[in-house]
Amino acid sequence: MVILQSQSRGICKPVPENEQRQKDYLLAQTSGPHEKHRVCLFSWIGGRSRQAIGSQMQGMHNEVLVSDGYRAYVELGKGMQHQNCCAHLRRYLLDAIDEKAIDKHLFAGNPEQAVERAMEQLEKGTAPFMLCVVLKAMTKIYGHEKSLRRGPQETEQAFMDRILQCRQTYAKPLMGHVDTIMSELAKTCCKCKANGEYEADKNTSLVAQAVAYYMNRRESFQVFLANPRVPPDNNSAERAIRTIAVLRKVTNFKQSQERTQSLCILMSLNEMAKANGITDTVRWLRAYGRALYLHRASRTLTAKRKAGENWQARLTKFTEGADEGFDFAAWLPWNYRDPETQTE
C-alpha cells in the first residue's frame, strides 16, 4: 500500500474551511505479486489521517497489510498480519551509511591495508560498516526473491511450498543476522523508552534514525518469512504509482476533486490490466463495452418483438434488466483473453 502525495496545483473548487489542506493524497492498494487475481485500486483520500485511509480499506477483507512505516498503518493493521516494507528499510540504511567515512578507511592505502582496516572496523562494530553488512544481507534476500518464478507446469500449492522453503532456508537466517546487528547498534545509538519504543534524538545521526526505525518494527519486517503469499515489500504498489507520479510532475495534475476521482478510476483500470497481462487496455474496454451493448440490445429488441412493439425502430434505451444473463466474470482482467494476441 502506498500513499501518493499531490502538490495541490491546478484550479480546484472551494472547499469548506475545516477541510482546507495544503496537500492532497491518493491511495494505491494492490494485491501481492503471487496472487492469482491481481488488483490495483487508486483512491482520492484528501488527507492522510487514519480515518481517511481506513475508509478506503473497508470491505476489502484483507488478511495481510504490507506498507511503509507510517504510524497510521499500525492501527489499521490490527486484526491482520502486518508486513513492513523491507525496501523502505534499505532506503534508511543507504541514507545512513557515510560513504566518505568508509572511503577514508578503505582508500588511504593499498588493497591489503584496506581489507585490514575494514576487518578492524567490523570487529569494533563501527556503525557504518555494520550497516553495510546489513545492507548486504538484504541484497542477498532480494536476490533469492528474484529467483522465485512459477514454472509453467507447477501448481500453485507447489509454488507456495517452494517459496516458503526458500525463505526458511536462506532469508530467515539472514534476517536473524540483521536483527542481531541492529539490536547491538541500538544499545549505543538509541534510547529505549519505558514503553519499549526506541527513540533517536532529533539531532542524532542518520544511523540512529535507521536503527530506531528497524527496532520499532522488527517483528513486522519478518512476517513474509512464514507466509509465502506475503511479499517482503510493497514494490507492486510503488510500481503502480509511477505513471501517475510522472503525470503529477508534467501537468497540473488535477483541476477538481471530481477530475481526480475520475483519474483514479482510469488509472485503476489501466494498472490492473497491466498487472494481469493485458497489453492493450483500450482494446479490452472497447471489447467489453461492445459485448455488453450487443447483449443488452439483443434482449431489448427481443422483448419488444414479443410485446408486439415496433422492434425495428431506432433503439433509444434498453429495457429494465437487459444486462441479465451477461457473463461479467469473463471480462474481469484476470479472466480476459485477448483473441488478437492468443497463439494457437
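Report follows, based on the coordinates. All of these numbers come straight from a predicted model, not from anything done at the bench. Residues take numbers from 1 onward in each chain, read along the sequence in its written order. The predicted nature of this model means local features are confined to residues of pLDDT at least 70 and side-chain atom pairs, given and counted, to a pLDDT of 80 or more, with totals for whole chains, interfaces and linings taken over all residues. Excluding hydrogens and water, the side-chain figures rest on all heavy atoms present in the structure.

## Re a nonpolar patch on the surface
- Each patch is assembled from residues with relative accessible area greater than 30% and no salt bridge, linking like charges that lie within 9 Å and nonpolar side chains (Val, Leu, Ile, Met, Phe, Trp, Tyr) that lie within 5 Å. Each accessible area is a Shrake-Rupley result for a 1.4 Å probe, and residues are judged covered by the shown protein chains and nothing else. Take a side-chain nitrogen of Lys or Arg and a carboxyl oxygen of Asp or Glu: if they are within 4 Å of each other, that pair is a salt bridge. A grouping of Met119, Leu122 and Val133 is seen on the molecular surface, where their side chains present a nonpolar patch of about 220 Å² in accessible area.
- Relative to the helices and strands, Met119 is located in helix H5 (residues 111-124).
- Partly exposed describes any residue whose relative accessible area lies between the buried limit of under 20% and the exposed limit of over 50%, with all areas from a 1.4 Å probe on protein chains only and scaled to the type maximum. In this structure Met119 comes out as partly exposed when scored by relative accessible area, which is 43%. Strands here are runs of E lasting at least two residues and helices are runs of H or I lasting at least four, both read from the DSSP assignment and numbered beginning at the N terminus.

## Description of the packing of aromatic side chains
- Only rings of Phe, Tyr and Trp enter the pairing, Trp through its six-membered ring, and a pair is recorded when the two centres are within 6.5 Å. The plane angle decides the type: under 30 degrees is stacked, over 60 is edge-to-face, the rest tilted. Summed over all chains, the structure comprises 10 aromatic pairs.
- Ring geometry for Tyr293 versus Phe318: centroids 5.6 Å apart, planes at 75°, classification edge-to-face. Residue Tyr293 is found in helix H12 (residues 281-306), and its partner Phe318 is found in the segment after H12; the two are separated by 25 residues along the sequence.
- Accessibility expressed as a relative area gives 44% for Tyr293, which makes it partly exposed.
- With relative accessibility at 27%, the residue Phe318 sits in the partly exposed group.
- Between Phe326 and Phe328, the aromatic rings sit 4.9 Å apart at their centres with planes inclined by 75°, giving edge-to-face as the arrangement.
- A residue is classified by how much of its surface remains accessible, and Phe326, at 13% relative accessible area, is buried.
- One residue, Arg48, lies across the ring of Tyr70, its end atom 3.9 Å from the ring centre.
- Whether a charge lies above a ring is judged from NZ of Lys or CZ of Arg, which has to be within 6 Å of the ring centre and within 35 degrees of the ring normal. We note Arg90 situated over the ring of Tyr142; from NZ or CZ to the ring centre the distance is 4.7 Å.

## Some remarks on the pattern of salt bridges
- In total, this model carries 10 salt bridges according to the counting rule given.
- Between Glu145 and Arg167 there is a salt bridge; the shortest N-O distance is 2.8 Å. Of the two residues, Glu145 is situated in helix H6 (residues 127-146) and Arg167 in helix H7 (residues 156-189); the sequence distance between them amounts to 22 residues.
- For Arg167, a relative accessible area of 1% puts it in the buried group.
- Here Lys274 and Glu271 are joined by a salt bridge, their closest N and O atoms 3.2 Å apart.

## Focus: helix H1 (residues 50-57)
- Turning to H1, its buried residues number three or more, namely Ala52, Ile53, Gly54 and Met57.
- Gly59 sits one or two positions beyond H1 and adopts a positive phi of about 80°.

## A short note on the side chain of Gln29
- Positionally, Gln29 belongs in strand E2 (residues 24-30).
- When its relative accessible area of 8% is taken as the criterion, Gln29 is described as buried.
- Pairs of N or O atoms within 3.5 Å make up the polar contacts considered here, provided that, within protein, one atom can donate a hydrogen while the other can accept it, and that residues adjacent in sequence are counted only when both atoms are side-chain atoms. Side-chain polar atoms of Gln29 contact the backbone oxygen of Gln56, separated by 3.2 Å.

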